[in-house]
Structures are given as C-alpha cells and as structure tokens.
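# Per-entry structural report
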Amino acid sequence: MMYVSFIRKKRRVTPPILIAGSFLITIFIGTLLLKLPFATTIPITWTNALFTATSATTVTGLSVFDIGSTLTLFGEIVLLTLIQIGGVGLMAFAVAILMILGRKVGMKNRIFLQESFSQQSLGGTVRFLRSILIFVFVTEGLAFIILSFFWVPEFGLKQGLYYSLFHVISAFNNAGFSLFPDNLMGFAGDFPVTLILSSLFIIGGLGFTVVMEVIAKQSPKQWSLHTKIMLAGTLTVNLIATFLLFVLEYHNMKTIGSMSIGDKVLTSYFQAVTPRTAGFNMVAMGDMENSSLLLTLLLMFIGGGSASTASGIKLTTFIVIVVATLAYFRGMTEPHLFKRTIKSEIIFRSLAIAAVSSMLVFTAFFLLTITETLPFLPLLLETMSAFGTVGLSVGITGNLSPIGEWILCAVMFLGRIGPLTLFFLLIRPKKESFKYSYDRVHTG
C-alpha cells in the first residue's frame, strides 16, 4: 500500500512542476553562491542576493547594484552560469549530462523536454535537445570570436576576451546584464557591437523551435504556421518600433537628438528591438520621451517567441489576438493567416494568457504603489520589465524597498515560467460530462 501511495505521489510531479521547481532550485543555489563573502566586493543583503539570482536565472537583467563594480570575478562567473542555465533550462542541462554520461533518458524527462520546447510529440525530443545545445554553443562561440576582434584592441587581451564572452552569453540568453556602468550607452552608434549583440538576442528571442525548423527546412513553403508568424511578426514589429522611436526621439537632445542620421537610425533600431527580449540600452531610459516609454511598455508586454529565452505574453499570442479581432470585425467565423485557419482553442489560449498576464502585472504594480514611494510611470516600467524578464529600467531598481524587491522577484519568476504554467500549477482542469443551456450576455 505504501508503495502504491508512493507511485501515485510520483505521478503528481508534472512537467509544469518540474519547470517551476528547476528554476526555484537554480535561484536558491545562485542566492547562496552570491551571498558568499568572496562573491562581492562589498557585503550585500540576502534580499539583494536573491533578487540578483532571480534576475539572472529568469534572464531579466534588473539589478539593485552595479554588476561590474560589486561582483568579484567569482560572482560574475556565478551570474553568467545562472544566465546560461536560465536561458536554456536547468532540466535541459540535466538531461544533457545524462546523455554525455551515456545514461538512458527516461519517459518523464522526455515529457519535460516536450513541454519545455513546445514539441508536438515525444519522438525526437532528445535529438532536438542535442541540436539546440549544439546551436547555442556554436552561435555563442562564433559571436564571441567576432566581438573579440573589436573589443580586444579596445580593452586589451584578457579584458577584451572576458567582456566579449560575458556580453555574448548575456545577449543570446536575452539577459541584458552588462559589465559597463552605463550598460551599452558608450556604444551608441557603434555598428559592429549593435549588429552582433542585437542579432544574438533576436535569434534567442525567436525560439529554438523556429530556429531549428528554419535550419532543417530551408524552403519557406515547408515552414509551419508558427514559424511564419514569428519571422514575419518579428520583422514587422521591429520595423514599426524602430520607425516610431526614431520619430519620437528625433529631436530629444538627451537621447539621439545630437547624433548623425545614421547613428540615430542605428540607435533607434537597437532601442526598438531590445524591449521585447534583451534589456540592453544604448540611451538613458530616464531621458526618453513618455511616448517612447509607453511604446517600450507595450513591446515588453508582447515579448519574444515561445520556447525561447524571452518572456512576455509572446509575439504569437499577440498576433493571434489581433488576427482574431480583425476577423470578428470582418464577420469571419474563423480567422486565418498564411492560408491556414487558426483553431478556436488557440484563440482561447491566447486570450487566457493575455488576461492572466494583465492581472499579474496589475496586481504586482498595485502592490508596488503601496510599498514604494516612487513615481508612477517608472514603477510601471519596472513592473512590466520584470514580467517580460527584460531588465530595462529608468534607474529606480536600487531604490526599491526589500518588500518591493520580493514582489519583483515573484513577478520575474512567474514571467519566466509563463502564466499558463502557473495556471496548471494551481488549478486542475476537469472535463465536464454535461452542458448548460445557452443564454445571451450583453458585451461592449
């Protein structure tokens, strides 16, 4: 009887629990390591260590202190490790270790991989993970070599190599952590740095499923609807956001107003693509126009792609809601895109994600307005940045109270595991064997 009870308990460990648990374990270990005396140049509180570990593991990028001056080399390596694990996933690395040791990957681990990387079936999940890890390290390796060619002459051999490695990993995993006190503001208008780092976090934000499919199926006709939506949506949103930021900030002398036309376009592009994924900044966020900050809020809420290193409600979710809304106004019974019909199940799922995410952001922001005495818009930006695991801030992170830090830790964690994972953790869906009669509800 005890054995049967144990088996039943084991069955309750579902993929959502594994996903959440793996992040919590990583955050816990990271907090302990960052609290070690030799991890920082000055003593930090347990709350500061927890906040930093959470921010790194959820690849957010928010920080209550300057990373480059507060963390020692050991502390920075811990941070970098948390970023890499958080980007791909602790359980994915655990399965990879089993593969390296020649151990068999069990059914439970295969189900977890299927859930983590949004695979349609269990078949080929291990092979898919192997391809992902190879792609991650090859991409980071090539970017590291290329960036080193520009930063080694500028910073010297050791520092140039280290800076290149740190920022490449931070960019690809959409973390946004930088060793420079002003983030990347010193590189505004620098074409190689802008191109290399933005390419990394755009690729990381597309999602591993999309990247692997593009590599495997070179003909666009063979791509799935998801891949087509992600690629077309990313290009469209990035172009629109770049144009809007260029126009909104054109005469702002505190941001891009004093730059040449070329540098204005380049910096506007970087600031347009970073809110959905990375969190790096090349202009001071606090100096941007309020209209630009509101646009940034929307981009952070939208986020990147499913099964990627980015968070937010996801770009596909946003596009499905927009397409479904347009279809309703056109009197269409079923929305379609790229000559494919979108199932009602996907529409309901997208609406649920947007609704739960909105409630999460509102609740956290409401609590912060109670615990903090900071301005409205910067506080809202901080909350949305935590939810989207972006890391952009107008510089108020270090002024948060301990309670405020705990609230944002929860938001970063929930934003990274996803609102639906939280839903499945708290609620057990049940199938109804009956239906109630229909009745009319007046809306709008």
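Presented here is a report on the structure given in the accompanying data block.

### So, the overall build of the chain
The number of helices and strands found in the chain is 19 helices and two strands. Burial statistics for the chain: of 444 residues in total, 52% are counted as buried. Long-range contacts, defined as pairs at least 24 residues apart, comprise 69% of the intrachain contacts of the chain with a sequence gap of at least 6. Here the chain has roughly 22,200 Å² of accessible surface; of this, 67% comes from carbon and sulfur atoms.

### A word on the packing of helix H9 (residues 157–172) against helix H10 (residues 191–206)
Closest axis-to-axis distance for the H9/H10 pair is 7 Å, and the angle between their directions is 35°. Mapping the contact onto sequence places His167, Val168, Ala171 and Phe172 in H9 and Leu197, Leu200, Phe201, Ile203 and Gly204 in H10. Here the residues of the contact of H9 with H10 are counted per class, giving seven nonpolar, two polar and no charged.

### Brief notes about the packing of helix H16 (residues 344–371) against helix H17 (residues 376–387)
Interaxial distance between H16 and H17 falls to 10 Å at its minimum, and their mutual angle equals 135°. On the basis of their axis angle, the class for H16 and H17 is oblique. Like other packed secondary-structure pairs, H16 and H17 cross with a definite hand, here right-handed. Of H17, the residues touching H16 (which contributes Ser357, Leu360, Val361, Ala364, Phe365, Leu368 and Thr369) are Phe376, Leu379, Leu380, Thr383, Met384 and Phe387. Among the residues making up the contact of H16 with H17, the classes are represented as 10 nonpolar, three polar and no charged.

### Observations regarding helix H14 (residues 290–302)
With 13 residues, H14 should cover 18 Å at 1.5 Å per step; its first-to-last C-alpha distance of 19 Å lies within 8% of that length. By the burial criterion, the buried members of H14 are Ser292, Leu293, Leu295, Thr296, Leu297, Leu299, Met300, Phe301 and Ile302. The secondary structure elements touched by the buried residues of H14 are helix H12 (225–249), helix H13 (261–273), helix H15 (315–329), H16 and H17. Phi for glycine 303, located one or two positions after H14, is positive at around 80°.

### Some thoughts on the packing of aromatic side chains
Here the structure, examined in full by the defined rule, presents 17 aromatic pairs. Centre to centre, the rings of phenylalanine 38 and phenylalanine 74 are 5.0 Å apart; their planes meet at 65°, and the pair counts as edge-to-face. Within this pair, whereas phenylalanine 38 is found in the loop between helix H2 (15–34) and helix H3 (46–57), its partner phenylalanine 74 is found in helix H5 (residues 73–88), the two being separated by 36 residues in sequence. Classification of phenylalanine 74 as partly exposed rests on a relative accessible area of 31%. A ring pair is formed by phenylalanine 155 and phenylalanine 180, whose centres lie 5.7 Å apart and whose planes are at 35°; its orientation type is tilted. Taken together, the residues phenylalanine 155 in helix H8 (residues 125–155) and phenylalanine 180 in the loop between H9 and H10 connect sequence positions 25 residues apart.

### Details of the environment of serine 306
Mapped onto the fold, serine 306 is located in the loop between H14 and H15. A sequence separation of 96 residues divides serine 306 from valine 210, and the C-alpha atoms of the two residues are 9.0 Å apart.

### Concerning H17
Its 12 residues place the ends of H17 17 Å apart at the C-alpha level, agreeing with the 16 Å of an ideal helix rising 1.5 Å per residue. A large share of H17 lies buried, amounting to 10 of its 12 residues. Among the residues of H17, Pro378, Leu379, Leu380, Leu381, Glu382, Thr383, Met384, Ser385, Ala386 and Phe387 are the ones counted as buried. In the core, the buried residues of H17 are packed alongside H14, H16 and helix H18 (402–417).

### Brief notes about the nonpolar core
If you look at the biggest cluster of nonpolar residues, it comprises 111 residues, and the most contacted ones within it are Leu79, Ile83, Phe177, Leu184, Leu200, Phe201 and Phe387. With nine residues, the top contributor of residues to this core is H8. Once you skip the residues sitting within four places of it in the chain, phenylalanine 387 turns out to touch Phe301, Ser311, Gly312, Ile313, Ser357, Leu360, Val361, Val411 and Gly415.

### Overview of the environment of alanine 272
Within the fold, alanine 272 resides in helix H13. Of the residues examined, alanine 272 reaches a relative accessible area of 0% and is grouped as buried. Counting along the chain gives 27 residues from alanine 272 to leucine 245, while the straight-line C-alpha distance between them is 6.8 Å.

### A short note on the side chain of threonine 52
You can see threonine 52 is positioned in helix H3. For threonine 52, a relative accessible area of 1% corresponds to the buried category.

The rules behind the values
Residues numbered from 1 in each chain as written. Predicted model: local features only at pLDDT ≥ 70, side-chain atom pairs only at ≥ 80, totals over all residues. Heavy atoms only, no water. Helix = DSSP H or I, 4+ residues; strand = E, 2+ residues; numbered from the N terminus. Buried < 20%, exposed > 50% of the residue type's maximum accessible area, 1.4 Å probe, protein only. Contact = heavy atoms within 4.5 Å. Areas by Shrake-Rupley, 256 points an atom, 1.4 Å probe, with all protein chains shown as cover. Axes fitted to C-alpha atoms, helices over the stretch in contact; angles between N-to-C directions. Nonpolar A, V, L, I, M, F, W, Y, C, P; charged D, E, K, R; others polar. Parallel < 35°, antiparallel > 145°, perpendicular 65-115°, else oblique. Left-handed = near helix turned anticlockwise from the far one by under 90°. Expected span 1.5 Å × (residues − 1). Phe/Tyr/Trp six-rings, centres within 6.5 Å; stacked < 30°, edge-to-face > 60°. Core = buried A, V, L, I, M, F, W, Y, C linked by side-chain atoms within 4.5 Å.

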